[in-house]
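Summary of the model geometry
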Amino acid sequence: MPDDGASAIRTPWAEGPEEGRAIEVADGVLWLRLPVWAPLNHVNVYALEDGDGWALVDAGLATEAGRAAWAALLAGPLQGRPVTRMLVTHSHPDHVGMAGAFARDGAELLTSRTAFLMSRMLTLDVQERPSEAALGFYRRSGMDPELLARRMGERPMNFADMVELLPPTYTRLAEGDALSLGGRTWDVRMGDGHAPEHVTLWARDEALVIGGDQLLPTISPNLGVHPTEPEADPVADFLQANARLAVHATDEQLILPGHRLPYRGLPIRLEQLRLNHEGALRRLEAHLAEPRRGGECFPALFRREIGAGEYGLALAETIGHLNHLTQTGRARRWLGEDGAYRWRAAGRGGGAG
């Protein structure tokens, strides 16, 4: 979701590394970028000097462009040295995509249990047409009928189209672990909401944090609901996780995010993220003065036109916020005759109970 708050955070860099190049952001820590879909266009990954080789944090997409980008980076700034460890912050394709390939070449895979299991499960679940459960979810969510009809006859985007199968074994990272990586000791702390058990790493003896997509600058991560868990409340999960992480945040820490630019000012950034979603919930609640389907709530949340390429993620995030309002008693929903839910702010007249 777009975010209004960026003025109070600071970044040492005006732009990211060019294709095939690296920027050293801390002693022995390289910032690299890999191509992904628009509008993000890139994902940040990091390489930490780890003995005679490199420990990588996140892996980019397993696409032709992603593989070519890695080939250039391995031959260029990574100097042909081996990748000894591959750490995945969370289970989204742009972060886990090439991890299986590095693991097959001998790198130790490190991630959270949930990220490992979800990535393995989704990679093995290849569908030629959307499942009935998925179509039912989209219908209840209020997807545009023309788009829904088109999706019914199309092959969906499968996780396996962008992600290499992970190996059957891995090293688990859990809340409270101490991890030795790249010549530093890191405290493992879990985020949530954008992805369950999202790994963040906090250097013990240095003001350095690997934040992944949990701690983004200038934009909020997508807090979406999907057919696999239709009643999820990722907004509550995200805000609760960030409240836990805020205890450890200082203004001097350099945050290495999954997208955009590394920055300082984490305490203010966490407050901005909280206010951003609280404001979005208030706008949505006001929009529900009249009954609305999910697809009719985009103007209140995003305050701009949503294009076809953004529609799926926008609908997922909208349902995330509608679920939060419903589960906290601020809105109620009922199933319409067309099979789509209607939501209305609590206390308003009309509609089913």
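About the criteria used
- Residues numbered from 1 in each chain as written.
- Predicted model: local features only at pLDDT ≥ 70, side-chain atom pairs only at ≥ 80, totals over all residues.
- Heavy atoms only, no water.
- pLDDT = per-residue confidence, 0-100.
- Helix = DSSP H or I, 4+ residues; strand = E, 2+ residues; numbered from the N terminus.
- Core = buried A, V, L, I, M, F, W, Y, C linked by side-chain atoms within 4.5 Å.
- Buried < 20%, exposed > 50% of the residue type's maximum accessible area, 1.4 Å probe, protein only.
- Axes fitted to C-alpha atoms, helices over the stretch in contact; angles between N-to-C directions.
- Parallel < 35°, antiparallel > 145°, perpendicular 65-115°, else oblique.
- Contact = heavy atoms within 4.5 Å.
- Nonpolar A, V, L, I, M, F, W, Y, C, P; charged D, E, K, R; others polar.
- UniProt positions renumbered as here; feature names shortened; annotations may be inferred.
- Pairing = 2+ DSSP bridges.
- Expected span 1.5 Å × (residues − 1).

Per an unreviewed UniProt entry, the protein chain is named Zn-dependent hydrolase, and its organism is Wenxinia marina DSM 24838.

**Topic: the confidence of the model for the protein chain**
Per-residue confidence for the protein chain gives a mean pLDDT of 95, with 96% of residues at or over 70. Per-element confidence in the protein chain is highest for strand E10 (residues 198-203), whose mean pLDDT is 99, and lowest for helix H6 (residues 145-152), whose mean pLDDT is 92.

**Examining the nonpolar core**
By size, the foremost hydrophobic cluster in this structure holds 42 residues, and its most contacted members are Met-143, Leu-215, Leu-266, Leu-284, Leu-288, Phe-298 and Leu-322. Going through the elements one at a time, helix H5 (132-141), H6, helix H7 (234-246), helix H8 (266-287), helix H9 (298-302), helix H10 (311-327) and strand E14 (341-345) are the ones with two or more residues in this core. In this structure, Leu-32, Leu-78, Ala-101 and Met-162 belong to the second largest nonpolar core, which totals 31 residues.

**Considering the packing of H7 against H10**
Geometry of a packed helix pair, given as the angle between the helix axes and the separation of the axes. At a minimum axis separation of 7 Å, H7 and H10 run at an interaxial angle of 85 degrees. One element, H7, and the other, H10, form an angle in the roughly perpendicular class. Here Pro-234, Val-235 and Ala-236 of H7 come into contact with H10, specifically with Gly-320, His-321 and His-324. Of the residues contributing to the contact of H7 with H10, the split by class is 3 nonpolar, 3 polar and no charged.

**What about the UniProt feature "domain: Metallo-beta-lactamase" (unreviewed entry) in the protein chain?**
Within this structure's numbering, the places UniProt gives as "domain: Metallo-beta-lactamase" (unreviewed entry) are residues 42-259. Overall, residues 42-259 shows 30% helix and 24% strand. The separation of its end C-alpha atoms is 7 Å.

**Brief notes about the sheet that holds strand E12 (residues 254-257)**
One open sheet holds the 5 strands; their spatial order is E8-E9-E10-E11-E12, and the pairing between them is mixed. In this open sheet, the two edge strands, each paired with only one partner strand, are strand E8 (178-181) and E12. The mean angle between the axes of side-by-side strands here comes to 30 degrees, regardless of whether they run parallel or antiparallel. As judged from the 6 bridges shared by strand E9 (residues 184-191) and E10, these two strands associate in the antiparallel manner. Paired with Gly-191 across the two strands is His-198, which belongs to E10.

**Remarks on unusual backbone geometry**
For the bond running from Ala-38 to Pro-39, omega is 5 degrees, close enough to zero to count as cis. One can find Pro-39 in the loop between strand E2 (29-35) and strand E3 (42-50). In this structure, Gln-79 takes a positive phi of about 60 degrees despite not being glycine. Tracing the sequence through the fold places Gln-79 in the loop between helix H1 (64-75) and strand E5 (83-87). In this model, Arg-260 sits at a positive phi of 65 degrees, which is unusual for a non-glycine residue.

**Let's talk about the sheet that holds strand E1 (residues 23-26)**
Sheet strands pair by backbone hydrogen bonding; their relative direction is either parallel or antiparallel. Read across the open sheet, the 7 strands follow the order E1-E2-E3-E4-E5-E6-E7; overall the sheet is mixed. Each having just a single partner strand, E1 and strand E7 (171-172) make up the two edges of the open sheet. In the packing of H1 onto the sheet, contacts are made with E2, E3, strand E4 (53-57) and E5, and the angle to E2 comes to roughly 150 degrees.

**Focus: H10**
Since one α-helical turn is 3.6 residues long, residues separated by three or four positions face the same way. In a regular helix each residue adds 1.5 Å, so 17 residues correspond to 24 Å; H10 covers 24 Å between its end C-alpha atoms and thus fits that length. Across the 17 residues that make up H10, a large majority, 13, are buried.

**Focus: the pairing of E14**
Counting buried residues in E14 gives 4 out of 5 residues, a clear majority hidden from the surface. Across 5 bridges, the pairing between strand E13 (residues 331-335) and E14 is antiparallel. Within E14, the position partnered with Trp-334 by the bridge is Arg-342. Taking the residues between adjacent antiparallel strands as the criterion, E13 and E14 are bridged by 5 residues, where Gly-339 takes a positive phi near 85 degrees.

**Quick word on the environment of Leu-201**
Summarising the element assignment, Leu-201 is placed in strand E10. With 119 residues separating them in the primary sequence, Leu-201 and Gly-320 have C-alpha atoms 26 Å apart. Apart from the residues within four sequence positions on either side, Leu-201 is in contact with Leu-87, Leu-179, Leu-181, Trp-186, Asp-187, Val-188, Leu-208, Val-209 and Ile-210.

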